[in-house]
Amino acid sequence: MKKHLTIFLFSFSMFLIASCTKAFIPDIEDTTNPITKVIKYNTDVKQIMTNNCITCHGGPSPSDGLDLTTFANVKNAALNRNLIERMNDATAPMPQSGLLLLSTRKIIDKWKADGFLEN
């Protein structure tokens, strides 16, 4: 009887541990309000690129030949090189260190929706 109780307690403990490791933690930012202002490169997007992208995608030899230091280059990458999709891709995100905050990605998505405005 004692052996069965030990096996049961061990199994139950493993179940609890496994359950805890798969807990869903909702993204707190999912409750943010939608962006209502018009998003523009110079005022909203440029700083995001500077802080998160140009370390690898800037300078004389940018990674993958993708220079993200100018409006024209960022717009072109968004239109022709799946930049926005990669920024939102949890399995292969850009930057490679992990997904940007949802609030930051929403700015980029809204910039696209607004027509990739510069000023």
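Our subject is the structure listed above.
Analysis parameters
- Residues numbered from 1 in each chain as written.
- Predicted model: local features only at pLDDT ≥ 70, side-chain atom pairs only at ≥ 80, totals over all residues.
- Heavy atoms only, no water.
- Helix = DSSP H or I, 4+ residues; strand = E, 2+ residues; numbered from the N terminus.
- Buried < 20%, exposed > 50% of the residue type's maximum accessible area, 1.4 Å probe, protein only.
- Contact = heavy atoms within 4.5 Å.
- Polar contact = N/O pair within 3.5 Å; in protein donor to acceptor, adjacent residues only side chain to side chain.
- Axes fitted to C-alpha atoms, helices over the stretch in contact; angles between N-to-C directions.
- Parallel < 35°, antiparallel > 145°, perpendicular 65-115°, else oblique.
- Left-handed = near helix turned anticlockwise from the far one by under 90°.
- Nonpolar A, V, L, I, M, F, W, Y, C, P; charged D, E, K, R; others polar.
- Expected span 1.5 Å × (residues − 1).

Trainee: Help me understand the environment of R105 in this model?
Mentor: Relative to the helices and strands, R105 resides in helix α5 (residues 102-113). Relative accessible area serves as the criterion here: at 11%, R105 is assigned to the buried category. Sequence separation between R105 and N88 is 17 residues, and the spatial gap between their C-alpha atoms is 7.0 Å. Residues contacting R105, with those up to four places away along its chain left out, are M87, N88, L99 and L100. In terms of polar contacts, R105 uses its side chain to reach the side chain of N88, at 3.4 Å.

Trainee: Could you clarify how one ought to interpret the packing of helix α2 (residues 41-52) against α5 in this entry?
Mentor: When two helices pack together, you describe them by how their axes are tilted relative to each other and by the distance separating the axes. Between α2 and α5, the least distance of the axes is 10 Å, while the angle of their chain directions is 130°. With respect to each other, α2 and α5 are oriented oblique. Considering only the axes of α2 and α5, their crossing is left-handed. In this structure, α2 uses Y41, D44, V45, I48 and M49 to contact α5, whose residues at the interface are T104, I107, I108 and W111. A per-class count over the contact of α2 with α5 returns seven nonpolar, one polar and one charged.

Trainee: Sorry, what's going on with α5 here?
Mentor: Because an α-helix completes one turn every 3.6 residues, residues spaced three or four positions apart along the sequence face the same direction. Along its 12 residues, α5 runs 16 Å from first to last C-alpha, staying within 8% of the 16 Å computed at 1.5 Å per residue. Of the positions making up α5, those classed as buried are L102, T104, R105, I108, K110 and W111. The positive-phi residue at the C-terminal boundary of α5 is G115, with phi of around 100°.

Trainee: Explanation requested: the side chain of H57 in the structure shown.
Mentor: Take H57: it is sitting in the loop between α2 and α3 (71-80). According to the relative accessible area criterion, H57 is buried, its value standing at 10%. Separated by 3.1 Å, the side chain of H57 and the backbone oxygen of L66 make a polar contact. Residues in contact with H57, not counting those within four places in the same chain, are P62, S63, L66, D67, L68, T69 and M94.

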